[in-house]
Amino acid sequence: MFQSQTDRPRPRRLPNHRWNIYPESPELLSSLVRATGLSPTLVRVLINRGIETPAQARIFLEPDSMVLPDPMEEFADLGKSVALLGDCIAEGRKIAICGDYDADGMTSTALLLRSLRFLGARVDYAIPSRMTEGYGINSRIVEEFHREGVKLILTVDNGIAAVKPIALARQLGLDVIVTDHHEVPEEIPPATAILNPKLIAEDSPYRGIAGVGVAYILAVSLADRLAKARQLIAPMRELLTLGTIADLAPLTGVNRRWVKSGLRQLPDSKIPGVQALIQISGASSSPVAKQPFAVNAAAQNNPQNNPQNHALNNANKNWGKAQKTMKPDEIGFRLGPRINAVGRIGDPQTVISLLTTDDMGLALERAMQCEETNKRRQLLCEEIQNEAIALIEESQINLLEERVLLIVQPDWHHGTIGIVASRLVERYGVPVFIGTYEDEEKQHIRGSARGIPEFHVFEALQFCDDLLDKYGGHRAAGGFSLSAEFLSDFRASLRIFARRCLEVAHLKPVISIDALVPLPEISLEFHRQTDIFQPCGIENPPPVFWSANVRVVEQRIVGKGHVKLTLASGYGGMVSGEVPFEIKAIAWRWGDYFPLPPVIDIAYKLRENTWNGNTTVELELVSARLPKQSSSYSLAGNNPAIAREATKTFTVSRRKDISLLLPEPPPVRGQPEWLSGIPPERLLPFLRGRVLAYGAGRPSSISREPGANGGQKDWSCQIECDRPTGPCEAFLLWTLPPSITHLRWLLAKGKPRQVYKYDRLPTLLAPEQLRSLLEKHLQEFPAQPLNLLRLGQKWWVAPSTLIAALRELGYPCHGFAQSDSLERELERLHRWYAYPPAKLAQIHW
């Protein structure tokens, strides 16, 4: 049962977040909407991801179109590495892989084991013990490889900082190829060859690859030399995808290309271990995004005139096929944790066996072991997290003063403290360094660190170099070890570093928000349209939308501190007369904020929820705040209060009084049939009677001009443009009118049986342009009443847009409904012009 909001006290607080709502780019938005055919909301997300041209949009949305440089030219030592491995295979010399115990390291190890065995190599592997040895290759492993007759050591996801162990290997006569992706220290090891994307050009598409990406490039390059790449690429791409996502590598550039292909392969994986892991974890698949691209009219008429748009359209044809794909969240929250759990608290050989066996029975056995280990890991994490929170709250640490959190306790499993560190960052909004003692005497500490965007973890560890025994990592995360005697100095040094780079404002976690979306516009169809941005992850986050003045209808605690909600629009949707729209939502780990206030602004991601075969869309809340002001979702000029007062003259004062007119449209009789636009040359020959052709950018072929035979081409219909003179058979709306009020005037006059709506946008003015034009108009015609309908039609803006502009110029516009900022009103206008026929058909005219 849902608990009443009055049964409990008001919450202590709402999430302490900074809302960063991306700024508007109206001209770029209009340009990309026309080029791609996507809705303004989807294009706004593209722009927020750094997309500024149709060519960039094409590469982002269809990454297989990216032209990749030859990795041999990007990685200086790749040719040498391939030659070394080729010679070892040809001469039967033994190769050994030194891996790592996280998901990236284990998938890298499995990828190279499978590849080298397939290519005929004598190869074995070793992974250091997390509990007794820690990260990376060490002298014990080197000496053991030497005793076993190994001639070539291959490190994966480690080695770039292992100067002493690799120097020992070289002294013993072993060749060493380091494949790693971690930050490069000042002193690098004396390896025979080093492959690390941090050593190549910063603008290289390979710069952001994970350790498994380096292993993949090496394996494919070697297989290509041996003319066996074709058989190897597909299965290796599955392991590449698992490791890249689980390691939180950026899903941009070449990673996006590889992962997008790999995610389509995973539902029908050919690797028994991957099949078993999917089966045990319950990971699901979903349809490939099918939102087609439209090309503009010129490209439709002559595709060669606009090859970029034509290429976009062609790329989309492949998406229309019935395919399944796995989303990154299925790896991030299902497959990845089960792999990582084994590396954290179990034996990594379990995962290596899982991912390299071809025996389905053994694969299922290993997958079950991963499942059980993950359950133990979850319990450990919950226990440590609760202890850490209690300790922090009791100590009353002043985080605004410290700006970094360092917490060390005995008996915490250091295989799980990294996960806890991430959750503490989420909770407290500061960088977190968390450690535990490695010995009963409490003389040595090992820890993990997680950062916030403005704090570079690896640079912080470098700043404390003289205090640490060992450390490594990158901007967002790292690991370290030190003697307990230096703990106080370590805390002081971290505090100094944090205060140098962090302002107090940085301690509120940033929530980057793509666009305002009124609650009634959310649907399963809209959610699936956003799948074109998949795969989402680091540097390509899933779209985050926000809605204002949302009513909390019901709320309750579920599970371990999660809040389940029913939310509703408080204004009956974007169109007057609609029933209030309700939608389900989940807020993970928001128990501390329960109960939420009755009316809030929310920021959220979209997710599917399937229950008993029924799939719906729901919201995953990422932030909430108290509303800054009341906000109406009415579209331009559609407030009934305005319509009732439509024929009145309103007088406002500034330098001199102005009069505003908003004529009320006659009643609309009947409901037309709303249809998607059909190319006019195909449609018009079948229409009879009067036809209205309306809209910005209407093709010149649709006009009153007679054709060669004295009639209007070969059409039997009578074309009228812009305004109907009487009842019409059909409307051809190249663009919608600027507001529902404008549209009601057209419908009342024309009484069409059918309305064909084409997906075109007028070129909209920027806020400063509209304010300037309005000011100039008022100066030129100071004595004339300002007719909001006529001026709105002239500039393709709604009456409410003009009201917002007038108010920003200092005219109060008494008697008209409250308006948002001009930027917000222009946002609504963009959404209005993109309204689909199905939505228009729901309006009560």
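The following refers to the structure shown. (Residues numbered from 1 in each chain as written. Predicted model: local features only at pLDDT ≥ 70, side-chain atom pairs only at ≥ 80, totals over all residues. Heavy atoms only, no water.)

**Topic: the overall build of the chain**
And step 1. Within the chain, the secondary structure is distributed over 30 helices and 28 strands.
And step 2. Evaluated residue by residue, the chain yields a buried proportion of 55% over its 845 residues.
And step 3. Pairs at least 24 apart in sequence give 72% of the contacts found in the chain among residues at least 6 apart.
And step 4. With the model as given, the accessible surface of the chain reaches about 36200 Å², and the carbon-plus-sulfur share is 49%. (Helix = DSSP H or I, 4+ residues; strand = E, 2+ residues; numbered from the N terminus. Buried < 20%, exposed > 50% of the residue type's maximum accessible area, 1.4 Å probe, protein only. Contact = heavy atoms within 4.5 Å. Areas by Shrake-Rupley, 256 points an atom, 1.4 Å probe, with all protein chains shown as cover.)

**A closer look at helix H1 (residues 26-36)**
Side chains of residues three or four places apart in an α-helix project in the same direction, reflecting 3.6 residues per turn.
And step 1. For H1, the full list of buried residues reads Pro26, Leu29, Ser30, Leu32, Val33, Ala35 and Thr36.
And step 2. One or two positions beyond H1, positive phi appears at Gly37, with a value near 80°.

**So, the pairing of strand S16 (residues 545-558)**
And step 1. Bridge analysis of strand S15 (residues 515-516) against S16 gives two bridges, and the strand direction is parallel. Counted as the bridge partner of Leu516 is Trp546 from S16.
And step 2. The sheet contact formed by S16 and strand S19 (residues 599-611) spans five bridges and is antiparallel. When the sheet's bridge partners are listed, Ser547 is paired in S19 with Ile602.
And step 3. Where S16 lies against strand S17 (residues 562-569), eight bridges are found, and the strand directions are antiparallel. Paired with Ile557 across the bridge in S17 is Val563.
And step 4. The antiparallel hairpin formed by S16 and S17 contains three residues in its connecting segment, where Gly559 sits at a positive phi of about 60°. (Pairing = 2+ DSSP bridges.)

**Thoughts on helix H10 (residues 229-246)**
And step 1. For H10, with 18 residues, the first-to-last C-alpha span of 25 Å sits near the 26 Å given by 1.5 Å per residue.
And step 2. Taken as a whole, H10 carries its principal kink of about 30° at Pro235.
And step 3. Residue Leu248 follows H10 closely and has a positive phi angle near 60°. (Expected span 1.5 Å × (residues − 1). Bend = angle between axes of the 7 residues up to and from the residue.)

**Observations concerning the pattern of salt bridges**
And step 1. Taken as a whole and judged by the stated rule, the model has 32 salt bridges.
And step 2. For Glu144, the salt bridge identified is with Arg140, shortest N-O distance 2.9 Å. Taken together, the positions of Glu144 and Arg140, both in helix H7 (residues 139-147) and four residues apart, correspond to about one turn of that helix.
And step 3. Exposure remark for Glu144: the relative accessible area of 28% places this residue in the partly exposed category.
And step 4. The shortest N-O distance in the salt bridge between Glu618 and Lys564 comes to 3.1 Å. With Glu618 in strand S20 (residues 614-625) and Lys564 in strand S17, the pair connects residues that are 54 residues apart, well separated along the chain.
And step 5. A single salt-bridge network, built from bridges that share partners, covers Lys564, Lys605, Arg607, Glu618 and Glu620. (Salt bridge = Lys/Arg side-chain N within 4 Å of Asp/Glu carboxyl O.)

**Here's the deal with the packing of aromatic side chains**
And step 1. According to the stated counting rule, one finds 17 aromatic pairs in the structure shown.
And step 2. Geometrically, the ring pair formed by Phe463 and Phe497 is tilted, given 5.6 Å between the ring centres and 45° between the ring planes. Of this pair, Phe463 sits in helix H20 (residues 457-463) while Phe497 is found in helix H21 (residues 487-501), placing the two residues 34 residues apart along the sequence.
And step 3. Centre to centre, the rings of Tyr694 and Trp796 are 5.7 Å apart; their planes meet at 65°, and the pair counts as edge-to-face. Of this pair, Tyr694 sits in strand S24 (residues 690-694) while Trp796 sits in the loop between helix H27 (788-795) and helix H28 (799-808); the two residues are 102 residues apart in sequence, bridging distant segments of the chain. Summarising the burial analysis for this pair, Tyr694 and Trp796 share the class buried.
And step 4. Grouping aromatic residues by their ring pairs yields a cluster made of Phe433, Phe455, Phe463, Phe480, Phe490 and Phe497.
And step 5. The residue whose ring lies beneath Arg256 is Phe60, and the NZ or CZ to ring-centre distance is 3.9 Å. (Phe/Tyr/Trp six-rings, centres within 6.5 Å; stacked < 30°, edge-to-face > 60°. Lys NZ or Arg CZ within 6 Å of the ring centre and 35° of its normal.)

**Considering the nonpolar core**
Looking at soluble globular proteins, one finds that nonpolar side chains tend to be buried together.
And step 1. Ranked by size, the top nonpolar core spans 92 residues in total, and within it Leu567, Leu619 and Leu621 carry the most contacts.
And step 2. Beyond its immediate stretch of four places on either side in the chain, Leu621 contacts Leu565, Leu567, Ala585, Ile586, Ala587, Trp590, Ile602, Ala603 and Tyr604.
And step 3. Grouped together as the second largest cluster of nonpolar side chains are 75 residues, Leu112, Val156, Leu195 and Ala276 included. (Core = buried A, V, L, I, M, F, W, Y, C linked by side-chain atoms within 4.5 Å.)

**Considerations on a negative patch on the surface**
And step 1. On the surface, a cluster of negative charge is contributed by Glu383, Glu387, Asp411, Glu440 and Glu441.
And step 2. Assignment of secondary structure puts Glu440 in the loop between strand S10 (432-437) and strand S11 (444-450). (Patch = residues over 30% accessible without salt bridge, like charges linked within 9 Å, V, L, I, M, F, W, Y side chains within 5 Å. Lys, Arg positive; Asp, Glu negative; His and termini not counted. Charge placed at Lys NZ, Arg CZ, Asp CG, Glu CD.)

**A look at the environment of Ala283**
And step 1. Turning to its location among the elements, Ala283 is positioned in the loop between helix H12 (272-281) and strand S7 (286-287).
And step 2. By relative accessible area, Ala283 is classed as buried at 13%.
And step 3. Separated by 51 residues in the primary sequence, Ala283 and Arg334 place their C-alpha atoms 6.3 Å from one another.
And step 4. Not counting residues within four places of it along the chain, the set of residues in contact with Ala283 comprises Ile278, Met326, Glu330, Arg334 and Leu335.

**Quick notes on the sheet that holds strand S13 (residues 477-483)**
Hydrogen bonds along the backbone pair up the strands of a sheet, which may run parallel or antiparallel.
And step 1. Ordered in space as S9-S10-S11-S13-S12, the five strands form an open sheet in which the pairing is mixed. Every other strand in the sheet has two partners, leaving strand S9 (405-409) and strand S12 (470-473) as the edge strands with one partner each. For this sheet the average axis-to-axis angle between neighbouring strands, irrespective of direction, equals 15°.
And step 2. Taken together, the six bridges between S10 and S11 define a ladder with antiparallel strand orientation. In the sheet register, Val432 faces S11, and the bridge partner there is Arg450.
And step 3. Across the sheet, helix H19 (residues 417-428) touches S9, S10 and S11, and the angle it forms with S10 is around 145°. (Axes fitted to C-alpha atoms, helices over the stretch in contact; angles between N-to-C directions.)

**With respect to the side chain of Lys564**
And step 1. By relative accessible area, which is 18% here, Lys564 ends up buried.
And step 2. Looking at Lys564, its side chain comes within polar contact range of the side chain of Glu618, at 3.1 Å. (Polar contact = N/O pair within 3.5 Å; in protein donor to acceptor, adjacent residues only side chain to side chain.)

**Some words on unusual backbone geometry**
And step 1. The omega torsion across Gln534 and Pro535 is 0°, close enough to zero to call that bond cis.
And step 2. That bond from Phe594 to Pro595 is cis: its omega, -5°, falls within 30 degrees of zero.
And step 3. Tracing the chain through its elements places Pro595 in the loop between strand S18 (582-587) and S19.
And step 4. For Asn549, which is not a glycine, the phi torsion comes out positive at approximately 50°.
And step 5. Take Asn549: its relative accessible area is 6%, and that puts it in the buried class.

**Observations regarding the sheet that holds strand S2 (residues 94-98)**
And step 1. One open sheet accounts for five strands, arranged S3-S2-S4-S5-S6; its pairing is parallel. The outermost strands of the open sheet, each flanked by one partner alone, are strand S3 (122-126) and strand S6 (193-195). Across the sheet, the mean angle from the axis of one strand to that of its neighbour is 20°, orientation sign disregarded.
And step 2. As judged from the three bridges shared by strand S5 (residues 175-179) and S6, these two strands associate in the parallel manner. Following the sheet pairing, Thr179 is matched in S6 by Leu195.
And step 3. Where helix H8 (residues 163-171) meets the sheet, it contacts strand S4 (150-156) and S5, and its direction lies at approximately 150° from that of S5.

**Section: the packing of helix H16 (residues 349-356) against helix H17 (residues 360-395)**
And step 1. Two elements in contact, H16 and H17, have axes separated by 9 Å at closest approach and are oriented at 145°. The interaxial crossing formed by H16 with H17 has left-handed handedness. On the side of H16, the interface is formed by Thr350, Val351, Ser353 and Leu354, while H17 contributes Leu362, Ala363, Arg366, Ala367, Gln369 and Cys370.
And step 2. Tallied by class, the residues present in the contact of H16 with H17 amount to six nonpolar, three polar and one charged. (Left-handed = near helix turned anticlockwise from the far one by under 90°. Nonpolar A, V, L, I, M, F, W, Y, C, P; charged D, E, K, R; others polar.)

**Here's the deal with the packing of helix H25 (residues 740-750) against H27**
Each pair of packed helices can be described by the angle between their axes along with the distance between the axes.
And step 1. Interhelical geometry of H25 versus H27 gives an angle of 100° and a closest axis separation of 10 Å. The angle between H25 and H27 places the two elements in the roughly perpendicular class. Across from Thr741, His742 and Trp745 in H25, the residues of H27 making contact are Leu789, Gly792 and Gln793.
And step 2. For the contact of H25 with H27, a count of residues per class yields two nonpolar, four polar and no charged. (Parallel < 35°, antiparallel > 145°, perpendicular 65-115°, else oblique.)

Geometric values such as these leave the question of function open.
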